[in-house]
Structures are given as structure tokens and as C-alpha cells.
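# Summary of structural features
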Amino acid sequence: QVQLVESGGGLVQAGESLRLSCAASGMFFSINGMGWYRQTPGKQRELVAVVRSGGSTNYADSVKARFTIARDNAKNTVSLQMNNLKPEDTAVYYCNAEGIVTMARTYLEVWGQGTLVTVSS
């Protein structure tokens, strides 16, 4: 079984920074994409940023130039450095891992439990 454990959420003021971290544990061969999504009440979960095993990244337009995603393939971790936070960044942030090749040679997608980020104005 593969699990994702997140850390780093909290309450900050607008303009400040936060760093989210996520670690994958369990038995598996590899993970393709690791990323972060966020969700606010009444809205669909949206992609914030994703990094693939080869290093390519994608960001939501709303966070480009403010957020940076980084990955350590050897440790199966992904982090999200969030700078110049805005009140509209307030959400529950979820870590995601997809294209996980399990020991049974099947593919899996896993979500973390979510961590709350609150940005006050």
C-alpha cells in the first residue's frame, strides 16, 4: 500500500511564504507525477503544480512566478514553496502521486489527507 504524508500548512498573512512537503511511503517501483492540488468549499479540486519523474513541470496560471514545485526522486518526496501568498490561495492543499507502478505491476493514483493553508489579508 502506498501512502502520502503531507506537512507544512498553516496560517500566514498576505505576502508571506509557506512550504508544503509530501512524502510517499510503501512498496512500489516508481512514481510518474507528483503534485499539489487545492480545493475550497463548493469548488472542484484544481491543479496547483505537478512535476513528473523526468523533471517537467506544470503550474496553474494563478500561481506561476510565486510557487515552485520540487521533487526528490531518490526520497520520493515533493515540496511546494509558496511565496507572496494571497488570500485567494486559501484552500486545503492535497498531495497527489499518479502513475505509481506497484510491486504487482499495476498502476495506482494516491492522494494525501490534505493540509489547510489560510492566508489572511
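Everything below is about the structure printed above this text.
Computed from a predicted structure; not experimentally measured. (Residues numbered from 1 in each chain as written. Predicted model: local features only at pLDDT ≥ 70, side-chain atom pairs only at ≥ 80, totals over all residues. Heavy atoms only, no water.)

## Description of the side chain of Ser79
Here is the rule we go by: Note on conventions: DSSP H or I runs of at least 4 residues are helices, E runs of at least 2 residues are strands, and numbering of each starts at the N terminus. Any N or O atom pair separated by 3.5 Å or less is treated as a polar contact, with the protein-specific requirement of one donor-capable and one acceptor-capable atom, and with residues adjacent in sequence counted only for side-chain atom pairs. In what follows, residue pairs with any heavy atoms lying within 4.5 Å of each other are defined as contacts.
Tracing the sequence through the fold places Ser79 in strand 9 (residues 77-82). At a separation of 3.2 Å, a polar atom in the side chain of Ser79 contacts the side chain of Arg19. Not counting chain neighbours up to four residues away, the residues in contact with Ser79 comprise Arg19, Leu20, Ser21, Trp36, Thr68, Ile69 and Ala70.

## Considerations on the nonpolar core
Note the following rule: What is meant by a nonpolar core is a set of buried Ala, Val, Leu, Ile, Met, Phe, Trp, Tyr and Cys residues, joined one to another through side-chain atoms within 4.5 Å. Relative accessibility decides the category of a residue: with a 1.4 Å probe and only protein chains considered, values under 20% of the type maximum give buried, values over 50% give exposed, and everything between is partly exposed.
Judged by nonpolar contacts, the single largest core of 30 residues is most densely connected at Trp36, Val48, Phe67, Val78, Leu80, Met82 and Tyr93. If you list the elements that add at least two residues to this core, you get strand 3 (18-25), strand 5 (33-39), strand 6 (46-52), strand 8 (67-72), strand 9, strand 10 (91-102) and strand 12 (115-120). Looking at which element gives the most residues to this core, the answer is strand 10, with five residues.

## Notes on the sheet that holds strand 8
To be explicit about the condition: In this scheme, strands are said to pair when DSSP sees at least two bridges between them. Every angle, taken between N-to-C directions, lies between 0 and 180 degrees, and every axis is a line fitted to C-alpha atoms, over only the stretch in contact when it is a helix.
The antiparallel open sheet is built from four strands, whose spatial order is 1-3-9-8. Among the strands making up the open sheet, the edge pair consists of strand 1 (3-7) and strand 8. The mean angle between the axes of side-by-side strands here comes to 15°, regardless of whether they run parallel or antiparallel. When strand 3 meets strand 9, the two strands line up antiparallel, connected through six bridges. Bridged to Cys22 within strand 9 is Val78.

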